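Descriptive analysis of the structure
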Amino acid sequence: MNLEPITFPWLTLLIVLPLLAAALSLVLRKHPVFSRWLALGITLAVLAITIGIFIVADGRGGWLLYEDYPWIASFGIRYTLGLDGISLLLVLLTAFTQVLAILISWHRKYQMAVFYSMLLFMEAGIMGVFLSLDLFLFYLFWEVMLIPMFFLIGVWGHERRVYAAVKFFIFTMAGSLLMLLAIIALYLLHGQQTGDYSFALAALKNTSIPPALEPWLYAAFVLAFAVKVPLVPLHTWLPDAHTEAPTAGSLDLAGLLLKTGLYGLIRIAFPLFPEMAAASLPLLAAFALFGIFYAAWIAYAQIDAKRLIAYSSVAHVGFMVLGLCAWNVTAMEGSILLMFSHGITTGALFLMMGMIHHRTESREIGRLGGIWGKAPVLSAFFLFFALASLGLPGLNNFVGEILILLGAFHANPLWGALAMGGVVFAAAYMLRLVQGVIWGPSEGRTEEITWTDLHPRELLILAPLAVLVLWIGLYPETFLAPIREPVRNLLEGASLVAMKGGLP
Amino acid sequence: MTGDDLAALLPILVLALGSVGLLLIGAWFPRRRTLILTGVGIAVAAAAAAAFYTPPVEEISGLYGSGLYARFFTVLWSLVAALVLLLSVRYAVELGFAGGEYTALVLFGAAGMSLLSASTSLVGFFLGLEAFTLVFYILIAFHKGDPLGAEAGLKYLVLGAVATGFMAFGIALIYTASGTFHLPEAMEGITAGARFRPIGLLGWGMLLVVIGFKVSLVPFHLWTPDVYQGAPAPVAGLLSTGSKGAVFAALVTLLAGLPADRSDLIPILWVLSAISMVVGTLSALRQDNVKRMLAYSSVVHMGYVMIALLSGGASGGRAIVFYLVAYAAANLGAFGVIASLTGAGGEPQTYDDFQGIGWRNPFRCAALAIFLLSLAGIPPTAGFIGKFGIFYAAMESGYGVLAILGILASLISLYYYLRVVVLMFMTFECEVDHARGGISEHSALTICLGAVVILGILPGPLLDLIAALFS
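Criteria and thresholds
Residues numbered from 1 in each chain as written. Chains lettered and ligands numbered in written order. Predicted model: local features only at pLDDT ≥ 70, side-chain atom pairs only at ≥ 80, totals over all residues. Helix = DSSP H or I, 4+ residues; strand = E, 2+ residues; numbered from the N terminus. Rg over C-alpha atoms; globule rule 2.2 N^0.38 Å. Buried ≥ 20, exposed ≤ 12 C-beta atoms within 10 Å, placed from the backbone. Contact = placed C-beta atoms within 7 Å. Domains from an automatic or database assignment. Nonpolar A, V, L, I, M, F, W, Y, C, P; charged D, E, K, R; others polar. pLDDT = per-residue confidence, 0-100. Axes fitted to C-alpha atoms, helices over the stretch in contact; angles between N-to-C directions. Parallel < 35°, antiparallel > 145°, perpendicular 65-115°, else oblique. Core = buried A, V, L, I, M, F, W, Y, C linked by C-beta atoms within 7 Å.

With that settled, the discussion passes to the overall build of chain A. Across its full length, chain A carries 21 helices and two strands. Scaling as 2.2 N^0.38, a compact globule of 504 residues should have a C-alpha radius of gyration of about 23 Å, and chain A matches this with 22 Å. C-alpha extents for chain A along the principal axes are approximately 70 × 55 × 40 Å. Considering chain A as a whole, with its 504 residues, one finds that 61% of them fall into the buried category. Nonlocal contacts in chain A, meaning residues at least 24 apart in sequence, comprise 79% of its contacts between residues at least 6 apart.

Residues and elements named next belong to chain B. One can read the domain layout of chain B as domain 1 (1–259) and domain 2 (265–471). Taken together, the contact pairs 35 residues of domain 1 with 46 residues of domain 2. Listing elements by their share of the side of domain 1 that touches domain 2, those giving two or more residues are helix 4 (68–95), helix 8 (197–214), helix 9 (223–230) and helix 10 (233–256). Here the side of domain 1 that touches domain 2 is composed, by residue class, of 23 nonpolar, nine polar and three charged.

Geometrically, the link from B:Val218 to B:Pro219 is a cis peptide bond, its omega value of 10° lying close to zero. Here B:Pro219 is to be found in the loop between helix 8 and helix 9. The backbone of A:Gln111 shows a phi angle near 45°, a positive value even though the residue is not glycine. Structurally, A:Gln111 can be placed in the loop between helix 3 (85–104) and helix 4 (112–131).

Turning our eyes to something else, we now look at the confidence of the model for chain A. Scored by pLDDT, chain A has a mean of 88; 95% of the residues are at 70 or more. A low-confidence stretch, residues 495–504 of chain A (pLDDT under 50), is modelled with ten contacts involving residues beyond four sequence positions or located in other chains.

Contacts between the two partners involve 25 residues from chain A, matched on the other side by 25 residues from chain B. Among the secondary structure elements, those contributing two or more residues to the side of chain A that touches chain B are helix 5 (135–144), helix 6 (146–156) and helix 7 (161–194) of chain A. The element best represented in the side of chain A that touches chain B is helix 7 of chain A, accounting for 13 residues. Taken together, the residues of the side of chain A that touches chain B sort by class into 19 nonpolar, three polar and three charged.

Let us look at the confidence of the model for chain B. Residues and elements named next belong to chain B. On average, residues of chain B score 91 in pLDDT, and 98% of them reach the 70 mark or higher. Within chain B, the lowest mean pLDDT, 88, falls on strand 1 (residues 59–60), and the highest, 95, falls on helix 17 (residues 439–457). Both scores are given for the predicted complex: the pTM is 0.93, the ipTM 0.91.

All names here are of chain A. Where helix 13 (residues 305–326) contacts helix 14 (residues 329–360), the two axes come as close as 8 Å, and the packing angle between them is 175°. By the angle between their directions, the pair helix 13 and helix 14 is classed as roughly antiparallel. Residues Ala-305, Lys-306, Ile-309, Ser-312, Ser-313, His-316, Phe-319, Met-320, Gly-323, Leu-324 and Ala-326 of helix 13 form the contact with helix 14, whose participating residues are Ala-331, Met-332, Gly-334, Ser-335, Leu-338, Met-339, His-342, Thr-346, Leu-349, Phe-350 and Met-353.

This part is about the nonpolar core. Within the largest apolar cluster, 400 residues are counted, with the highest numbers of intra-cluster contacts made by A:Phe221, A:Ala269, A:Leu322, B:Ala43, B:Tyr323 and B:Leu372. No fewer than three residues from each of domain 1 (1–259) and domain 2 (265–471) of chain B sit in this core. In this structure, A:Ala269 is in contact with A:Tyr218, A:Phe221, A:Val222, A:Phe225, A:Gly264 and A:Ala277, ignoring residues within four places of it in sequence.

Shown next as structure tokens:
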């Protein structure tokens, strides 16, 4: 590890700034306008810091930033934050997404200050997940980010919001509580072996685990992460949560929360249990492939546009998991890049559905339609993001998907061939969405209302997203550079082949 | 009893004499607010005395300890009593409680709990337990106009009297087996090979029945929901935190006296813990009254604490003490919110009463939500650290199955805790006006909330202090 001798705790700032703003926002509940500007200011400040780090980092490897303080001494728990290329990309995505989440909720009326406060709490929690290197701290943030999401869905969501919120909470808790037991077990094993009771990820990697226990511990971790990813068949909370959440909530769910599960696999589950991981990759790949087709099939049958996009997310995370399972540099890089890209395109689609819903009060594909003639700019953006989402070459998702497919072919030609079919499916449901929402006949609803095209605020939200879509699609190197070395380290440091004693 | 012994009893004396004094003053100056606030002052003074005055002796007349462990619990129960009284100021006025008697009883109860936690002899155990049980006989039925309160009081009285009989008999049998009341020697009577081992075991079994009744472990829990429902909310808070916690504190001392090989007891304790968690959780799911839900939730929580008790050792003891503190803060807070919402129309108890009140009473309902999340063990609250400590102790001493049961119970418990949160914040706002709550209640709730959040984020200092208790 090359530790950067830093003096200023930038990483803590990324967590503490939103936290303080969230608390202040709660206290000043009666001043929603103030809290709105506060939320925007703070999220912009956080975005500025992350962009600053991104520019300074300039594709270097190792820990770009690292902080470590004792926290709960009697259990050997430390407050350890670290930022490498992989977390950098996700932190950047988080900071960027939260700015959009604030902007899209600009005119929300009901309990506005509390709403912004929840968004800020969530930003702090997600940042914490992407930065923690101490398993206890990680677990803490992992659960902390659930609570604001629970309230966002439950208080500000659509008709079946309570059902969706409770289901979301209990599903994710079910996975993570078992992970807590596994963390404690690992901690005890490591402590008994070395006398050093610590939750540090780096230390726990060197624990030798009894063969009888190892599959169970690994399963507990993978289950916690797979629920969040979500891997089919653990995905059933996702369509409900995504559909019922307010637009900002759907944006955060799709853009960020799903990534925490994948990040957990990459950062924690695979490095901690390299042999188990190697043994489970084909199984995970099978689930991923099944998920790609199953979700595509279900997505195609949806009548609720938001639900269709939600299922498209399930299909996309299937690609990402497949990329991890291929376990080579190309696919892994593709996976991480797709994590970033998916946050942008799916986030954009949810944002646009929010805008359309705001105008039409409807999300049903059958009732929408005929928008192209009335709001051409809006429709053009929608088409653009939908095309990006289905993997049109030159746009962002294509890069990630093609890398994953190349890597998958390399690892196992069958996986690659099957996944290829998934891309076709993606085109099918996405085109159906586009056709139903912006062209096609509408049943009354869209005819009656007078259409306003995009407001300047909405344009302000969508323009940077579109720029990023093109940027990643045309010159992905900017975003591939920072993850190159971490990915290589991950593959070598936890090299599955080496761990198995040279046998393939 | 020497002067030193008396000096060591100082905090208890402050509580007991303060209680008597208030009772007398209350007869001439029946001013509720003043009396109750004086009671708060007395309880805080007792806590300060226990915290800052180092007693000259380690043990008082062979009955009570006065070491760090005893002092810690005296501080804790005195503070709990102070909070209960703070929560009662407006409540007592609203329901027309006799201020002097009420305050005196709460203070006396705190003295009993402190004595029980400090007991180093079975006689001390008996005296401490009876002291606060007597107090509860009265306090539970303190609201004279409420038939549910009278029913609850009677229920507690009848079952409590039976329990007292069991306890006296059990202690007598243990004495027969070992020839001493003093702990830990009294437990030697049941070591393998002891002459009167069967008698000792019988006595210990009877004692376990009493303990099971007091901390409401399944199958001795049946009184709990009715009594919680009928008792005034602050009293239910005291009953659910102080009386149960004090028994567990004494139990740690009691079990420390057992031989290392506890194979006779382990299956019984194991089963008690497991069925308390399972039955408590499943029963809590079906409630539509918040106080009854909290009653069953306390059954589950006592099941968790039993896990730590079984695990034993340093980490088990530490986990118990931390959990008791975390549980006390959250549970007292939850009952406190109910007390503060109580107006002329009585206590809000059913789930319907909580529907849509969140945005009308944002501070108290948010506080209740946080207390419930702490009870559910969600970070960053004290309840999470407490649960972590218990599961840690369980895994360390090989009670993995109980830990998994506990995890499953907490998962299901989320449903009934969240239900209240959902009702408060995620339904349509209602027009029902609950009481706005007084400044004393708000300050007590702020203290509980502060404890729950701060212990969840920075538990280090308290954990270190607790580690010192066992060294």
